[in-house]
Structures are given as structure tokens and as C-alpha cells.
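The residues making up each chain are set out below.
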Amino acid sequence: MLNGARIAWTLLAAAVVFLVIEERARRRLHEDVDHLRHPPAATLVLEEHPTGSVITLELKREVNLFQPPAEAWTREIAVKGARQSVALPAGLYEARSDAPGAQPTPFLLLAGDEIRWDGAPTPEGLVRIPEGPFLGEVSWRLERTKSFLIGRTEVSVAEYEAFLKALAAERGLGATQPEPVFESPQAFTPFCSQAERSAHPEGCLGHRPREAGLDAWGRLDAKGSGRVAVRLVNWYDALAYCAWATDRAKKAGLRLQFRLPTEREWQKAARGVDGRPYPWGFEPGDVQHRVFEGGFLAVDSHPELRSPYGLFHCASSVAEWTADPQGPLRRRVMGTTWDLHTDRIHVGFGLGERPDLRSIYLGFRVVADEVSR
């Protein structure tokens, strides 16, 4: 009798627990459905957009990020001042301004987010990436960045040549040619980083592109256009170029601090916010056949391969140095070169390389921080 009562009470308790769990699951399901039908609000803060301009916001995906909206959703906003807040449903947006020179800008707005979009003019050659989250490639992991400026193109041979000529002028060698070849390390240039001074206390070679220990400036640009990406420069050379670019900007009255991008910044600028594996979309296409032209590409060629933010050749020209370490002795290299198979040209592909490596397939682009405005 007692055993039967215990069994009955046990079954009753189990049934109650089951009903409680089922009710909680039902409530969560209803909350999730209501969450999708009525997404919680996020805030987009417009700053420094021209008064009188019109911004069009188009909802590309709803808050669950996997489905387009049930019906077309756009909203036009007339800019009325230097700072203006707009409440929006959470989701993935593309914003377009009719201001001169503006380009489409993707955003990912999550519930409760307040994301600033700075519409101030950007210096020539740079693209402003707004703050906020983006979807990474692996399991759609959410990452976040602050706002930053990044080079629309990789640093070109012509731009790097201006750096070498400035070094030549600094040494009193004249500014008509890049610095001549040195057979042995020279004293450090004014733009050598502390990292380079520590790694190479004997001095540097003037930051000239070199291959197998020999000067390789003549190999970089067979057509003489100056518009191909500079290569055969190591991580220290890239840092020195950034220091020189900062000094040049200061002399021009621009408060910009140049540096290499972090891997996270590089990925966001290259892929946008929607988790795409390629700068141009979700499919590789015939990119190898389109970009292989028997030589290196002009840094501003093939606009169809640009990233959602308008960057050229994040996965179709040369790999690029970043600021991030990979282990104690290497630096992270992102992007891929035109000669690799399509299964390795996606934006998430990266390697760790020695900072003193010089490769014909390796260049860089710069990031600029606005010190103050």
C-alpha cells in the first residue's frame, strides 16, 4: 500500500514538473515569436551629416538575421542638425545618403544598441567604417569595432615611392629618385619603429623593397603606372610608412594617426556586417578568371570585387599585414592573393608570418585614427 502511494506521488510530482517545464517553454516560444513580430528598438545616431540631406534606410534582414523582411521596409530621414537620433527595429540595414560623395553603408543594429554614424567628410583615399557589431564567418560570431578610417585601396607603388623619396630628401640625397641601394644596414630612419630598433639593432636598409637580400624596386611595377600594390615590404617597413604618413598629415594640418589595421577591423571593412565569406558576396564566382591578368592588379581595378564599404581587393590582389600578433614571433596576415585556389580566397583566411618577411605576394593598407576634430 505504501509503495503504491509513493509511486502515485512520484508520478504526480513528475507530471507537475513536466507541466511547469512545458509552460515555461511555451512562454519562451511566445516571447520569441513576439520578439520577431515586434523587434525591440535600437537607435541610430546621425552625426555631422549635412543639414538638408536625406538618408534612406532599407531593412535587409529582420532581427533573426536569417530572413529578409516579410515586406519591403524603407524609411527616409531628413537631416535637421549636427546630431539626430532615430529609433529603429533591430535588424540589418543598408543606409544611403544623397549627400555628395556618400556611398551605401551597411549597419547591424541589435536590440538596445545605440550606434553612431559619422557623416563628416573623409580624407582622400580613406573610407569611414562606423562603429558597431558585425557577423564573423565562423558560426556567425558577433564582433564589435569602434569607428575607424581605412584605406580604400592597398598602398600603391607610387604612394610608397613618395615615402622613399622623402627619406632620400631627409638624408640630403635629393628628392628626385627613391633612396639609392645600400649594401649594408644604415642608421635608422626617423620613422623606424621601436619594434624594428629592438629586432635589428644593427640598423635598417632604408625600407626599400628587397628580395633574396637584393634591391627589388624594379620588379614591382613593370608597366610603370605606379598603381599596383607595393610588395616585398616587411611589417617594419609598413610601420615606418605609417609613421611617415602621420608626420605628413600633421604638416598638412590633418589630425590623423596612421597605423596598421587590427584583424577585427580588417575583417569588418572587408566583409561588411552580414557574415559573407567574400567581399563581393556569398559565392566565390569566377574570381580567379576575372582577376588573373598575367601580373599584379591596379589597386583600384575591378570595382565588382569591392567590399560592402567600397574597399578594393581585400581577397583578390595581395595579402596584407595587420597589427595583430600570432604567437610570440609572428604577425597576422589577412587577405589572399590572386594565385590561390578559390577555397582559400575567403575573407576569413589568414596566416602568421615573421615580421621581417618580404614576399612578392604581401603588401598592406593603412588605418587612420582621428586624434581630434
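Use the structure listed above.
So, here is what we can say about the structure in this document. Since the structure is predicted, the reported quantities are computational estimates derived from the model, not experimental observations. (Residues numbered from 1 in each chain as written. Predicted model: local features only at pLDDT ≥ 70, side-chain atom pairs only at ≥ 80, totals over all residues. Heavy atoms only, no water.)

Some details on the pattern of salt bridges
Point 1. Within this structure, the stated rule accounts for 21 salt bridges.
Point 2. Across the pair R259 and E265 runs a salt bridge, and its minimum N-O distance is 2.8 Å.
Point 3. Take R259: its relative accessible area is 23%, and that puts it in the partly exposed class.
Point 4. Using a relative accessible area of 11% as the deciding quantity, one classes E265 as buried.
Point 5. When salt bridges that share partners are traced, they join E47, R83, R116 and E131 into one network. (Salt bridge = Lys/Arg side-chain N within 4 Å of Asp/Glu carboxyl O. Buried < 20%, exposed > 50% of the residue type's maximum accessible area, 1.4 Å probe, protein only.)

What to know about the sheet that holds strand β15 (residues 319–326)
Point 1. In spatial order, the strands read β17-β16-β15-β18; together these 4 strands make up an open sheet with mixed pairing. Only two strands of the sheet have a single neighbouring strand rather than two, namely β17 (350–353) and β18 (362–363).
Point 2. When β15 meets β18, the two strands line up parallel, connected through 2 bridges. Residue pairing across strands places A319 opposite L362, the latter belonging to β18. (Pairing = 2+ DSSP bridges. Helix = DSSP H or I, 4+ residues; strand = E, 2+ residues; numbered from the N terminus.)

As for the packing of helix α2 (residues 157–170) against helix α4 (residues 235–251)
Point 1. Their axes nearest at 11 Å, the elements α2 and α4 cross at an angle of 75°. By the angle between their axes, α2 is roughly perpendicular relative to α4. Seen from α2, the contacting residues are E159, Y160, A162, F163 and A166; seen from α4, they are D237, A240, Y241 and W244.
Point 2. Among the residues forming the contact of α2 with α4, the class breakdown is 7 nonpolar, no polar and 2 charged. (Axes fitted to C-alpha atoms, helices over the stretch in contact; angles between N-to-C directions. Parallel < 35°, antiparallel > 145°, perpendicular 65-115°, else oblique. Contact = heavy atoms within 4.5 Å. Nonpolar A, V, L, I, M, F, W, Y, C, P; charged D, E, K, R; others polar.)

Some words on the packing of aromatic side chains
Point 1. If you walk through the whole model with that rule in mind, you get 12 aromatic pairs.
Point 2. Taking the centre distance of 5.7 Å and the plane angle of 70° together, the rings of W73 and Y93 count as edge-to-face. Within this pair, whereas W73 is found in the loop between β2 (54–61) and β3 (74–78), its partner Y93 is found in strand β5 (residues 91–97), the two being separated by 20 residues in sequence.
Point 3. The exposure class assigned to W73 is partly exposed, which follows from its relative accessible area of 26%. (Phe/Tyr/Trp six-rings, centres within 6.5 Å; stacked < 30°, edge-to-face > 60°.)

Some details on the environment of P303
Point 1. Relative to the elements of secondary structure, P303 occurs in the loop between α6 (287–291) and β15.
Point 2. C-alpha separation for the pair P303 and W280, spaced 23 residues apart in sequence, amounts to 9.5 Å.

Description of helix α5 (residues 263–271)
Point 1. Judged by how many residues are buried, α5 sits mostly within the fold: 7 of 9 residues are covered.
Point 2. Among all positions in α5, only E265, W266, Q267, K268, A269, A270 and R271 are buried.
Point 3. One or two residues past the end of α5 sits G272, with phi positive at roughly 75°.

Notes on a nonpolar patch on the surface
Point 1. On the surface, W9, L12 and V16 cluster together into a nonpolar patch covering about 340 Å² of accessible area.
Point 2. With respect to the helices, strands and loops of the structure, W9 is situated in helix α1 (residues 2–37). (Patch = residues over 30% accessible without salt bridge, like charges linked within 9 Å, V, L, I, M, F, W, Y side chains within 5 Å. Areas by Shrake-Rupley, 256 points an atom, 1.4 Å probe, with all protein chains shown as cover.)

Points about unusual backbone geometry
Point 1. You will see that E48, though not glycine, has its phi angle at about 65°, which is positive.
Point 2. Inspection of the secondary structure assignment puts E48 in the loop between β1 (41–47) and β2.
Point 3. Positive phi, normally seen in glycine, also occurs at H313, with a value near 55°.
Point 4. If you trace the backbone, H313 turns up in the loop between α6 and β15.
Point 5. Exposure remark for H313: the relative accessible area of 1% places this residue in the buried category.

What about α4?
Point 1. Here α4 is 17 residues long and its end C-alpha atoms lie 25 Å apart, about the 24 Å a rise of 1.5 Å per residue gives.
Point 2. Here the buried face of α4 lies against α2, α3 (194–199), β14 (256–259), β15 and β16 (330–334).
Point 3. N-cap assignment for α4: the residue whose side-chain oxygen lies 3.0 Å from the backbone N of Y236 is N234. (Expected span 1.5 Å × (residues − 1). Polar contact = N/O pair within 3.5 Å; in protein donor to acceptor, adjacent residues only side chain to side chain.)

Details of the sheet that holds strand β4 (residues 83–89)
Point 1. Sheet architecture is open: 3 strands sit in the order β4-β1-β7, paired in mixed fashion. Only two strands of the sheet have a single partner each, and these edge strands are β4 and β7 (114–118). On average, each strand axis in the sheet is tilted by 25° relative to the strand beside it, whichever way the strands run.
Point 2. Sheet topology places β1 next to β7; 5 bridges connect them, and they run parallel.

Keep in mind these values describe shape, not function.
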